[in-house]
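# Commentary on secondary and tertiary structure
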Amino acid sequence: MDPIPSREFTNAMRALVGNCSVITVGEGEDISGLLVTSAMSLSADPPLVLACVNKASSSWPLLKKYPKFGWSSLGPEHRKVAENFSGFGGVKGAERYAGATWRTAETGALLLEDAPAAFDCEVEEMIDRATHSIVIGKVRAIRQSQSSGALVYWNGAFQPL
């Protein structure tokens, strides 16, 4: 059987609805982050989350250097945050945080102030597979706020839910 072309696989994955979350990494001026649609709960007892991070991203080495991260889910009002953390218009590093309010969590990770749910995490394990690492985080603290819904990624675009 011939391998499936990556472009065909990527196009098919766009038919799946993905929750939009921001993973924040780094310390001080050495910060970055990325938008993920692959973040999810792994375990409730103990509280563990996971996200898949491309090893070619600017955030991946920061996860190795600073083994902690913030995970903030996005609401419909966070479209610009999603665009920044996706790197639209060439936005990189600390510039991705512009235009939103961030709170420093217990570990020092940054959490989006008005995120529907936000998790302060320590990296427990990183499992490399092909182009990505499965990042498992031990949840140290949780913040919740009133939400008017969620921001999802479907069919190649951000959609309010």
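Every chain is numbered independently, its residues counted from 1 as its sequence is written. Only residues with pLDDT of at least 70 are given local features in this predicted model, and only at 80 or more are side-chain atom pairs given and counted; all residues enter the totals for whole chains, interfaces and linings. In computing side-chain values, all of the structure's heavy atoms are included and hydrogens and water are not.

### Quick notes on the pairing of strand β5 (residues 47-54)
- Paired strands, as defined in this entry, are two strands with at least two bridges between them according to DSSP. Segments assigned H or I by DSSP are reported as helices when at least four residues long, segments assigned E as strands when at least two residues long, and all are numbered from the N terminus. Relative to β5, strand β4 (residues 40-44) runs antiparallel, the two sharing four bridges. Paired with S41 across the two strands is V49, which belongs to β5.
- Once β4 ends, the chain turns through two residues before running back antiparallel as β5.
- One ladder, built from seven bridges, connects β5 with strand β10 (residues 132-144); its direction is antiparallel. If you follow A51 over to β10, its bridge partner there is V135.

### A short note on the sheet that holds strand β11 (residues 151-154)
- Within the open sheet, the three strands sit side by side as β1-β11-β12. Their pairing is antiparallel. One side of each edge strand has no neighbouring strand; the edge strands of this open sheet are β1 (18-19) and β12 (157-160).
- As paired strands, β11 and β12 are joined by four bridges and run antiparallel to one another. Of the residues in β12, the one forming a bridge with V152 is Q159.

### Some points on the pattern of salt bridges
- We define a salt bridge as a side-chain nitrogen of Lys or Arg found within 4 Å of a carboxyl oxygen belonging to Asp or Glu. A full pass over the atoms with the stated rule returns seven salt bridges.
- Ionic pairing is found between R140 and E122, a salt bridge with its closest N-O pair at 3.0 Å. Of the two residues, R140 is situated in strand β10 and E122 in strand β9 (residues 117-129); the sequence distance between them amounts to 18 residues.
- Under the scheme applied here, a residue whose accessible area is under 20% of the maximum for its type counts as buried, over 50% as exposed, and between as partly exposed, the area being computed with a 1.4 Å probe on protein chains only. Under the relative-accessibility criterion, R140 is labelled partly exposed at 40%.
- Accessibility expressed as a relative area gives 31% for E122, which makes it partly exposed.

### Digging into the sheet that holds β9
- As summarised here, the arrangement of the seven strands in space is β3-β2-β6-β9-β10-β5-β4, forming an open sheet in which the pairing is antiparallel. If you trace the sheet from one side to the other, it starts and ends with β3 (30-36) and β4, each paired once. Sheet twist, expressed as the average angle between the axes of neighbouring strands with direction ignored, equals 30°.
- By definition, residues are in contact when any of their heavy atoms lie within 4.5 Å. What counts as an axis is a line fitted to C-alpha atoms, over the stretch in contact for a helix, and the angles between N-to-C directions run from 0 to 180 degrees. Running over the sheet, helix α3 (residues 79-86) touches β2 (21-27) and β3 and is turned about 115° from β3.

### Focus: the state of the cysteines
- Sulfur atoms of two cysteines make up a disulfide when they are within 2.5 Å. According to the stated counting rule, one finds zero disulfides in the structure shown.
- Cysteine C52 remains unbridged, with the sulfur of C121 as its closest cysteine sulfur at 14 Å.
- C121 gets classed as buried once you look at its relative accessible area, which sits at 0%.

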